[in-house]
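Each chain, written out:
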Amino acid sequence: MIFLIALYVFSESITATHSLASNRPIEEKAETTSKNQKLKNVKILATGGTIAGSASSKTDTTGYQAGVLGIETLINAVPELKQVANVCGEQIANIRSQNMDNKILLKLSKRINELLKTKAVDGFVVTHGTDTLEETAYFLNLVIKSSKPVVIVGSMRPASALSADGPLNLYNAVKIAASEEAKNKGVLISLNGRIGSARYITKTNTTTTDTFQSEEQGYLGAIAGNKIYFYNEPTRKHTTESVFDITKLDELPQVDIIYGYQNDNRYFYDAAVKAGAKGIIIAGVGNGSISDHALEGAKAAAKKGVIIIRSSHVGNGIVTREKTDDENNFVTADSLNPQKARILAMLALTKTNDPKEIQRFFNVY
Ligand code: GLU
């Protein structure tokens, strides 16, 4: 039995490797299936994660391999998808999301913008590992030039698990992507029956299925009883209102995150500057506070033209602008957590090196 499961996982990783090398066969196969003219066309772009994960036992919900099942397998596991949309899959990558990098991020974003030009797609779903899902979602929220729905989805349990959450999450995501209500709401994150904005949602728990939360600003809506309910709109600029354009970019400026803690020191700042960082996000304590030692490093970096952005590792709340920011040309991250502040900082740095301009971006996005 174990041998059979191992063989299955292995054959799936072959499919995944094959599809990573060339995603066309999957796409063509999916597109040759007859389209129901009454349904919207939803493109599912797959990147890996637990939703594409498999373990050798149904009860193993942590020691599994993520990013091994191909998009075709995920689609075939949910035949009900055909009732809500004409779905078509494409493998962008098949990785664990801790390995998501700027290269794949740009590839994914450019692919969505390219598909938008064809008008053949009404909505997008991106499958993704949950660990850095919010970072990709916020990046897409800032660079996708469309009001069409884009929904990022993952799962906390692998496809092989008892009560795997991936299939229903995928079904819900496709349903949202095919809906009129989801238009012009920016990039959405949907897991566990919730619908949230890429700007607000964050992962809050290492293992539970209710991990994606938005404590400060709340969810935009929910999906219940097979119906979509929207209650709120995101108030920050996104997608069609965003000035960030990745069309001609092949790389993004290096921005690093430095954690604040008792007895910290300046050497991480010096190391980041030496390594070529153009921006540093401080995951500070409390209201983005910085110790005197770390402040020395931050000031020295700012004097060298590195943009310093104060955020907080508390997990909730706004980092307010203080005297020290004006004195040292620092930027504050508003309510963006450090990992999302890094995303906006990279894009902001493609436009300007002026801390005042960058602060303006942080005030509106
Ligand atoms: N660490 C893996 C990833 O982010 C699995 C986590 C998940 O998808 O839930 O891809």
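Residues numbered from 1 in each chain as written. Predicted model: local features only at pLDDT ≥ 70, side-chain atom pairs only at ≥ 80, totals over all residues. Heavy atoms only, no water.

Asks: Any chance you could explain the nonpolar core here in plain terms?
Replies: Most often, soluble globular proteins keep nonpolar side chains buried together rather than apart. Ranked by size, the top nonpolar core spans 54 residues in total, and within it Ile112, Phe139, Leu142 and Phe362 carry the most contacts. Considering every element that reaches this core, the biggest residue donor is helix H11 (residues 338–349), with 8 residues. Sequence-distant contacts of Ile112, defined by excluding residues within four places in its chain, comprise Leu45, Phe124, Val126, Leu140 and Ile144. Ile71, Ile75, Ala177 and Ile195 belong to the second largest nonpolar core, which has 32 residues in total. (Core = buried A, V, L, I, M, F, W, Y, C linked by side-chain atoms within 4.5 Å. Buried < 20%, exposed > 50% of the residue type's maximum accessible area, 1.4 Å probe, protein only. Helix = DSSP H or I, 4+ residues; strand = E, 2+ residues; numbered from the N terminus. Contact = heavy atoms within 4.5 Å.)

Asks: Can you walk me through the sheet that holds strand S12 (residues 279–284) in this structure?
Replies: Two strands in a sheet stick together by hydrogen bonds in their backbones, pointing the same way (parallel) or opposite ways (antiparallel). One open sheet holds the 4 strands; their spatial order is S11-S12-S13-S14, and the pairing between them is parallel. Two strands lie at the open edges of the sheet, namely strand S11 (255–259) and strand S14 (331–332), each paired on one side alone. Examined bridge by bridge, strand S13 (residues 307–312) and S14 share 2 bridges and lie parallel to one another. Across the sheet, residue Ile309 finds its bridge partner in S14, namely Val331. Packing of H11 onto the sheet brings it into contact with S11, S12 and S13, and relative to S11 it is tilted by some 150°. (Pairing = 2+ DSSP bridges. Axes fitted to C-alpha atoms, helices over the stretch in contact; angles between N-to-C directions.)

Asks: Honestly, the packing of H11 against helix H12 (residues 355–364) in this entry has me stumped. Any pointers?
Replies: Angle between the axes and distance between the axes are the two parameters that describe a pair of packed helices. Contact pair H11 / H12: the axes reach a minimum separation of 10 Å and the direction vectors enclose 135°. If you check the angle between H11 and H12, you find them oblique. Crossing of H11 over H12 shows right-handed handedness. Counting all contacts with H11, which are made through Ala341, Leu344, Ala345, Ala348 and Leu349, the residues of H12 involved are Ile358, Phe361 and Phe362. In terms of residue class, the contact of H11 with H12 is made up of 8 nonpolar, no polar and no charged. (Parallel < 35°, antiparallel > 145°, perpendicular 65-115°, else oblique. Left-handed = near helix turned anticlockwise from the far one by under 90°. Nonpolar A, V, L, I, M, F, W, Y, C, P; charged D, E, K, R; others polar.)

Asks: How should I be thinking about the site of the ligand in this particular structure?
Replies: The environment of the ligand is formed by Gly49, Thr50, Tyr64, Arg96, Ser97, Gln98, Gly129, Thr130, Asp131 and Ser155. Separating an oxygen atom of the ligand from a side-chain N or O atom of Thr50 is a distance of 2.7 Å. Between Ser97 and the ligand, the recorded distance is 2.5 Å, taken from a side-chain N or O atom to an oxygen atom. Bound to the protein, the ligand loses 92% of the 280 Å² it would expose on its own. Residue classes in the shell around the ligand are distributed as 1 nonpolar, 7 polar and 2 charged. (Near = heavy atom within 4 Å. Polar contact = N/O pair within 3.5 Å; in protein donor to acceptor, adjacent residues only side chain to side chain. Areas by Shrake-Rupley, 256 points an atom, 1.4 Å probe, with all protein chains shown as cover.)

Asks: Sorry, what's going on with the packing of aromatic side chains here?
Replies: Each aromatic ring pair is specified by the distance between its two centres and by the angle formed by the two planes. What the rule picks out here adds up to 5 aromatic pairs. Ring centres 5.0 Å apart and planes at 50° place the aromatic pair Tyr267 and Phe268 in the tilted group. A ring pair is formed by Phe361 and Tyr365, whose centres lie 6.1 Å apart and whose planes are at 55°; its orientation type is tilted. Among the aromatic residues, those joined into a cluster by ring pairs are Phe244, Phe361 and Tyr365. The cationic tip of Lys185 hangs over the ring face of Phe230; the distance from NZ or CZ to the ring centre is 4.7 Å. (Phe/Tyr/Trp six-rings, centres within 6.5 Å; stacked < 30°, edge-to-face > 60°. Lys NZ or Arg CZ within 6 Å of the ring centre and 35° of its normal.)

Asks: Sorry, what's going on with the sheet that holds strand S10 (residues 227–230) here?
Replies: Read across the sheet, 8 strands follow the order S2-S1-S3-S4-S5-S6-S9-S10 without closing on themselves; strand pairing throughout is mixed. The open sheet has two edge strands, strand S2 (86–95) and S10, and neither has a second partner. Averaged over all pairs of adjacent strands, the angle between their axes in this sheet comes to 20°, without regard to strand direction. Relative to strand S4 (residues 150–153), strand S3 (residues 123–127) is paired through 4 bridges, and the arrangement is parallel. The residue bridging Val125 from the neighbouring strand is Val151, located in S4. Contacts from helix H5 (residues 102–118) reach strand S1 (41–48), S2 and S3, with the element oriented near 160° to S2. Sitting on the sheet, helix H7 (residues 166–177) touches S1, S2, S3, S4, strand S5 (188–191), strand S6 (194–197), strand S9 (221–224) and S10, and the angle it makes with S3 is about 155°.

Nothing here speaks to function; it is all geometry.
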